[in-house]
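Examination of the molecular architecture
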Amino acid sequence: MTVYFIGAGPGDPELITVKGLRLIRSCPVCLYAGSLVPAAVVEAAPEGAAVMDTAPMTLDRIVAELQAADERGQDVARVHSGDPSLYGAIAEQIRRLDALGIDWQVIPGVPAFAAAAAAIGKELTVPEIAQTVVLTRTSMKASAMPPGEDLDTIGRTGATLAIHLSVRNLREVEARLTPHYGADCPVVVAYRVGWPDQQFIHGTLADIRARVRAAKITRTALILVGPALAAHGFRDSALYDANHAHVLRTGRG
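The structure presented is a predicted model; accordingly, all values stated were derived computationally and were not measured.

In this section: the sheet that holds strand β5 (residues 103–107). Overall, parallel pairing links the 5 strands, which are arranged β3-β2-β4-β1-β5 in an open sheet. Strands with a single pairing partner mark the edges of an open sheet, and in this sheet they are β3 (50–53) and β5. Within the sheet, the average angular offset between the axes of one strand and its neighbour, ignoring direction, is 15°. Direction of pairing for strand β2 (residues 29–32) relative to strand β4 (residues 76–80): parallel, over a ladder of 4 bridges. The residue of β4 that forms the bridge with L31 is R78.

Below is the structure:
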């Protein structure tokens, strides 16, 4: 048997890969993160499948269910939100599976930052304004941030930031990033991207905290920060420039 770690995307049931959906439809066991994965995704599980919400489970309980499925010779669709490689807590599950000799594969999904950028119609890498995207979070009740990954250090890059798991820490975001980006730097807080009740709160480092507080958003939100979010008057990229020759286009046109 195999445990398939499947990225279900950020919320829209149609934002899942063909491969991921095919595996959900074929696996007799489905474990999913119910607080973040819409029920419509796991409704695709085959009739009679064992479908379990892992939100109230501990790691030990989850691994016990995976081990039991292995003993029965049943493949498992282990469904995570977004892309499993980003804050998916799959590394600790994989470590346990390796110790048990259980086979596994990871099926990528659409990450929340990409879905948020698409929904607001923004490119996060704009020529000569921002060519780097940093995916990060802040330290609250979760594990501490490693040395050199604090917002003050990251903010010195001037990159577009996608800050996860931090909407209740906006005071810290404002304090650490304002010296590097300026108080008028654009910010977008994306709440439950891809869900029917999604919201996008637009502001700046100076006022985003008040706007989010007024909207009463306290969880399941992504913070995008950077000048690329309000870029205008920027130069065209070289990609389609008639004067820029490359291996697939050697002349004008």
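For the structure on display, the rule yields 7 salt bridges. One salt bridge connects R96 with D60, and the closest N-O pair in it is separated by 2.9 Å. Of this pair, R96 sits in helix α4 (residues 90–100) while D60 is found in helix α3 (residues 59–72), placing the two residues 36 residues apart along the sequence. Judged by relative accessible area, R96 falls into the partly exposed class, the value being 32%. Between E65 and R61 there is a salt bridge, with its nearest N and O atoms 3.2 Å apart. With E65 and R61 both in helix α3 and 4 residues apart, the pair spans about one turn of that helix. Overall, E65 belongs to the buried group, its relative accessible area being 19%.

This paragraph deals with the nonpolar core. Grouped together as the largest cluster of nonpolar side chains are 23 residues, with contacts concentrated most on L177 and V225. Those elements that provide at least two residues to this core are α6 (151–155), β7 (160–164), α7 (170–181), β8 (186–191), α8 (208–215) and β10 (221–225). By residue number, the principal contributor to this core is α7, which donates 4 residues. Residues I6, I16, V37 and I107 belong to the second largest nonpolar core, which totals 16 residues.

Within this structure's numbering, the places UniProt gives as "domain: Tetrapyrrole methylase" (unreviewed entry) are residues 2–208. Helix makes up 31% of residues 2–208 and strand makes up 22%, while its end C-alpha atoms are separated by 44 Å.

If you check which residues of α4 are buried, you get I90, Q93, I94 and L97. For α4, the arc enclosing every buried residue in end-on projection is 100°, short of the 170-degree limit, so these residues lie on one face. Of the residues in α4, the exposed ones pointing more than 90 degrees away from the buried face are A91, R95 and A99. Where α4 is buried, its residues meet β1 (2–7), α3, β4 and β5. After α4 finishes, the residue G101 shows a positive phi value of roughly 70°.

Conventions used here
- All residue numbers refer to positions counted from 1 along the written sequence of the respective chain.
- Per-residue local features of the predicted model are confined to residues with pLDDT of at least 70, and side-chain atom pairs are confined, for both listing and counting, to 80 or more; whole-chain, interface and lining totals are unaffected and use all residues.
- For side-chain calculations, the full set of non-hydrogen atoms in the structure is used, while hydrogens and water are omitted.
- The pairing criterion is simple: DSSP has to find at least two bridges between the two strands.
- The helix and strand labels rest on DSSP assignments: H or I over at least four residues marks a helix, E over at least two residues marks a strand, and numbering proceeds from the N terminus.
- The axes are straight lines fitted to the C-alpha atoms, using for helices just the contacting stretch, and the angles between their N-to-C directions are given from 0 to 180°.
- Note on definitions: salt bridges are taken to be side-chain nitrogens of Lys or Arg within 4 Å of carboxyl oxygens of Asp or Glu.
- Exposure is judged per residue with a 1.4 Å probe applied to protein chains only, and the accessible area is read against the type maximum: over 50% gives exposed, under 20% gives buried, and values in between give partly exposed.
- Here the nonpolar core consists of buried residues drawn from Ala, Val, Leu, Ile, Met, Phe, Trp, Tyr and Cys, with membership extended through side-chain atoms lying within 4.5 Å.
- UniProt positions are given in the numbering used here, feature names are shortened, and annotations may be inferred rather than shown by experiment.
- Here, the arc refers to the directions that run from the helix axis to the C-beta atoms.
- Contacts: residue pairs with any heavy atoms within 4.5 Å of one another.

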